[in-house]
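# Observations on chain architecture
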Amino acid sequence: ETGVTQTPRHLVMGMTNKKSLKCEQHLGHNAMYWYKQSAKKPLELMFVYSLEERVENNSVPSRFSPECPNSSHLFLHLHTLQPEDSALYLCASSQVTAGIGELFFGEGSRLTVL
Amino acid sequence: TQLLEQSPQFLSIQEGENLTVYCNSSSVFSSLQWYRQEPGEGPVLLVTVVTGGEVKKLKRLTFQFGDARKDSSLHITAAQPGDTGLYLCAGAYSGAGSYQLTFGKGTKLSVIP
């Protein structure tokens, strides 16, 4: 496999469920990201991991919990979500040197919270 | 909070027409990127501009970075149905963290055959 892969592509969950989104990058990059894409809103950066350490956490509610066990894998654990959390969740990776570099995105996980 | 305004939000044109999409900010960018996102896919990078006044061409797409590095435009010549998608600009601001990119809301382009 190449690039950035995300699973599942679609997820429907109730407000009391616990689920996880998975992301894997095969590009050898040193940074991985979670973005939230909602209708009529800009992409919102949620979390950034560089070399497996969290370096950005943009005031995201604690019901979203990221995990980066190694430089190729990134998870987003979800629990007690709200309907307004329904969105497309995009994972991305990049090789950060002097700047952020090019972001390589996965196809996204479409989340619906009932 | 940095804001990045894109216009127009929606654009529907006939195949063969030309169009321009704009990206504006009140702050100076250290660099700016343009992405295209097709339905059911993640965004894909089209170009990165760094120098004020810079012009880059990618086949029928022409990207321009403003002299003051506060604005950018994307011009498409003779649009094709394959150009349909959401065009996003994303700016890196001087002084922001190394990992911070601010995205615009995007321009949704439909090219009708």
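Residues numbered from 1 in each chain as written. Chains lettered and ligands numbered in written order. Predicted model: local features only at pLDDT ≥ 70, side-chain atom pairs only at ≥ 80, totals over all residues. Heavy atoms only, no water.

Tallying secondary structure elements over chain B gives zero helices and 11 strands in all. Against the compact-globule benchmark of 13 Å for 113 residues, chain B has a radius of gyration of 14 Å, which places it among compact chains. Every one of the 113 residues in chain B was classed for burial, and the buried ones make up 44%. At a minimum sequence separation of 6, the contacts of chain B that also span at least 24 residues come to 55%. Of the roughly 5400 Å² of accessible surface on chain B, a fraction of 50% belongs to carbon and sulfur atoms. Of the charged side chains in chain B, 9 are positive and 9 negative, and the gap between their average positions amounts to 4 Å. (Helix = DSSP H or I, 4+ residues; strand = E, 2+ residues; numbered from the N terminus. Rg over C-alpha atoms; globule rule 2.2 N^0.38 Å. Buried < 20%, exposed > 50% of the residue type's maximum accessible area, 1.4 Å probe, protein only. Contact = heavy atoms within 4.5 Å. Areas by Shrake-Rupley, 256 points an atom, 1.4 Å probe, with all protein chains shown as cover. Lys, Arg positive; Asp, Glu negative; His and termini not counted. Charge placed at Lys NZ, Arg CZ, Asp CG, Glu CD.)

With that settled, consider the confidence of the model for chain B. Across chain B, the average pLDDT comes to 93, with 94% of residues at or above 70. Of all helices and strands in chain B, the one with the weakest mean pLDDT is strand β10 (residues 102–103) of chain B (92), whereas strand β3 (residues 19–24) of chain B scores best (98). (pLDDT = per-residue confidence, 0-100.)

When the parts of a complex come together, some accessible area is lost, and that lost area is often used as the size of the interface. At the interface, 26 residues of chain A touch 17 residues of chain B. The tally of links between chain A and chain B comes to zero salt bridges. Scanning the region where chain A abuts chain B turns up four residue pairs in polar contact (both at pLDDT 80 or more). When contributions to the side of chain A that touches chain B are tallied by element, the ones reaching two or more residues are β4 (31–37), β5 (44–50), β6 (53–57) and β9 (87–94) of chain A. A total of four residues in the side of chain A that touches chain B trace back to one element, the largest contributor, which is β4 of chain A. Taken together, the residues of the side of chain A that touches chain B sort by class into 14 nonpolar, six polar and six charged. (Salt bridge = Lys/Arg side-chain N within 4 Å of Asp/Glu carboxyl O. Polar contact = N/O pair within 3.5 Å; in protein donor to acceptor, adjacent residues only side chain to side chain. Nonpolar A, V, L, I, M, F, W, Y, C, P; charged D, E, K, R; others polar.)

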